[in-house]
Amino acid sequence: MNNFQKIINKLEAQLESLEIEDENIILRSEKSIKLIKQALKRIRLKVIQSSFSNKEEEIIFFKNIKPKIFSKLIYHAKLFNIESKRPRSSDKSQVKYFNEQIDKLQNYFNENLEFYHYYRRGDTFLDEHYFLRGKSDIRLFSDSFYFYTDEEFSTSHDCSVATIIAYDLLMIHLKKEIDKLENNSNHISLQYLQKQSKMTWTSQKVSLIELIYAIHSTDVINNGNVDIKEIACIVEQIFKIDLGDYYRAFLEIRMRKKGRTKFLDSLKESLEKRMSEVDN
């Protein structure tokens, strides 16, 4: 497994260098695809030349390790395609185009909801069917032709995991691009509010992001007719904080295996403790 990790670390370093060096998304994705394909070829060769010690090791590889790399290939291939067809006209038409792409990505999750929830919940009871080679049961849904054409390096659902990871990242990218376009055409000025406020956020950014998403999820502002970015923008101004890539941060919150609402749980505990102290 360590040999695989070395290849992954080298690839991630190369991709990070491209992020810094090349601002052109299309060219960067093109270069990234070449690097990822090379890394996948090296890993495939290692898998074919040496066998896994046991079933558990094979499951870990096809559920976690291969999708980590393969998702990057799917991400950059889709990103290249999306950006190549991006309208060069008004901001409004670009926003419409990106929202249409988000809908297409969301359709994939909707069409594969059962496996999506299985993976997101961290379930394992079907892992031997999904992530071991040679389990060629056509009744188990698989959207990957690699499963049929490269049985030595594929299982029925490793590509599905990679697709989920890639599409999550694509949705983050698209939402960020929409934010940029909408902020250019409809910038909300809160300078006065920022000057008046003396409050600063002194906990972790991820805790504030968790709180923002919780507020947005309850529809308590404008009966739910408000976008997450509007809430985030106001909160940033009030607390004089840059939340950074809060879409990606929310993805990491969702990926937590235990305690996905750690900050909200601590708020509840603190409030109940205060109430108990007042009652005594």
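Reading the values: the criteria
Residues numbered from 1 in each chain as written. Predicted model: local features only at pLDDT ≥ 70, side-chain atom pairs only at ≥ 80, totals over all residues. Heavy atoms only, no water. Salt bridge = Lys/Arg side-chain N within 4 Å of Asp/Glu carboxyl O. Core = buried A, V, L, I, M, F, W, Y, C linked by side-chain atoms within 4.5 Å. Buried < 20%, exposed > 50% of the residue type's maximum accessible area, 1.4 Å probe, protein only. Helix = DSSP H or I, 4+ residues; strand = E, 2+ residues; numbered from the N terminus. Contact = heavy atoms within 4.5 Å. Expected span 1.5 Å × (residues − 1). Bend = angle between axes of the 7 residues up to and from the residue. Polar contact = N/O pair within 3.5 Å; in protein donor to acceptor, adjacent residues only side chain to side chain. pLDDT = per-residue confidence, 0-100. Axes fitted to C-alpha atoms, helices over the stretch in contact; angles between N-to-C directions. Parallel < 35°, antiparallel > 145°, perpendicular 65-115°, else oblique. Left-handed = near helix turned anticlockwise from the far one by under 90°. Nonpolar A, V, L, I, M, F, W, Y, C, P; charged D, E, K, R; others polar.

### A few points about the pattern of salt bridges
Counting across every chain of the model gives 18 salt bridges. Shared partners join several salt bridges into a network, and the residues in it are Glu83, Arg86, Glu177 and Lys180.

### A look at the nonpolar core
Residues Ile43, Phe61, Phe115 and Tyr167 are the most contacted members of the largest nonpolar core, which totals 52 residues. Looking at this core, the elements that each hand over two or more residues are helix H1 (2-21), helix H2 (25-49), helix H3 (55-84), helix H4 (91-111), helix H5 (113-120) and helix H8 (158-185). Setting aside residues no more than four positions away along its own chain, Phe115 makes contact with Tyr130, Phe131, His157, Ser160, Val161 and Ile164. Grouped together as the second largest cluster of nonpolar side chains are 20 residues, Ile209, Ile231, Ala249 and Phe263 included.

### Observations concerning H3
The end-to-end C-alpha distance of H3, which contains 30 residues, comes to 42 Å, matching closely the 44 Å that a straight helix rising 1.5 Å per residue would cover. In the structure, H3 departs most strongly from a straight axis at Pro67, where the bend amounts to approximately 45°. For H3, the side-chain oxygen to backbone nitrogen distance between the N-cap and Glu56 is 3.2 Å, and the N-cap itself is Asn54.

### Quick word on the confidence of the model for the chain
Low-confidence regions, as indicated by low pLDDT, have predicted coordinates that should not be scrutinised in detail. Overall, the prediction assigns the chain a mean pLDDT of 85, with 89% of residues at 70 or greater. Across residues 186-190, where pLDDT falls below 50, the model places 4 contacts with residues more than four positions away in sequence or in other chains.

### Some points on the environment of Ser84
With respect to the helices and strands, the residue Ser84 is situated in helix H3. For the pair Ser84 and Ile25, spaced 59 residues apart in sequence, the C-alpha separation works out to 9.3 Å.

### Observations regarding the side chain of Arg256
Mapped onto the elements, Arg256 comes out in the loop between helix H12 (246-254) and helix H13 (262-279). Looking at Arg256, the relative accessible area reads 18%, which means it is buried. A polar contact is formed between the side chain of Arg256 and the backbone oxygen of Arg260, at a distance of 2.9 Å. When neighbours within four sequence positions are excluded, Arg256 is seen to be in contact with Val206, Glu210, Thr261 and Lys262.

### So, the side chain of Gln94
Counting through the fold element by element, Gln94 comes out in helix H4. Among the polar contacts listed, one links the side chain of Gln94 to the backbone oxygen of Ser89, at a separation of 3.4 Å. Setting aside anything within four residues of it in sequence, one finds Gln94 in contact with Arg86, Pro87, Ser89 and Leu181.

### Structural notes on the packing of helix H10 (residues 205-217) against helix H11 (residues 228-239)
Close contact between H10 and H11 brings their axes to 10 Å; oriented N to C, the two are set at 135°. Between H10 and H11, the crossing angle belongs to the class labelled oblique. Relative to H11, H10 is oriented so that their crossing is right-handed. Here Leu208, Ile212, Tyr213 and His216 of H10 lie close against H11, whose contacting residues are Ile228, Ile231, Ala232, Val235 and Phe239. Each residue belonging to the contact of H10 with H11 can be placed in one class, and the counts come to 8 nonpolar, 1 polar and no charged.

### Comments concerning the packing of H3 against H4
Where H3 contacts H4, the two axes come as close as 11 Å, and the packing angle between them is 150°. Classified by the angle their axes make, H3 and H4 are roughly antiparallel. Regarding H3 and H4, the two cross each other, and that crossing is right-handed. Between H3 and H4, the residues in contact are Lys78, Asn81, Ile82 and Glu83 and Tyr97, Phe98, Gln101 and Leu105, respectively. When the residues that make up the contact of H3 with H4 are grouped by side-chain class, the tally is 4 nonpolar, 2 polar and 2 charged.

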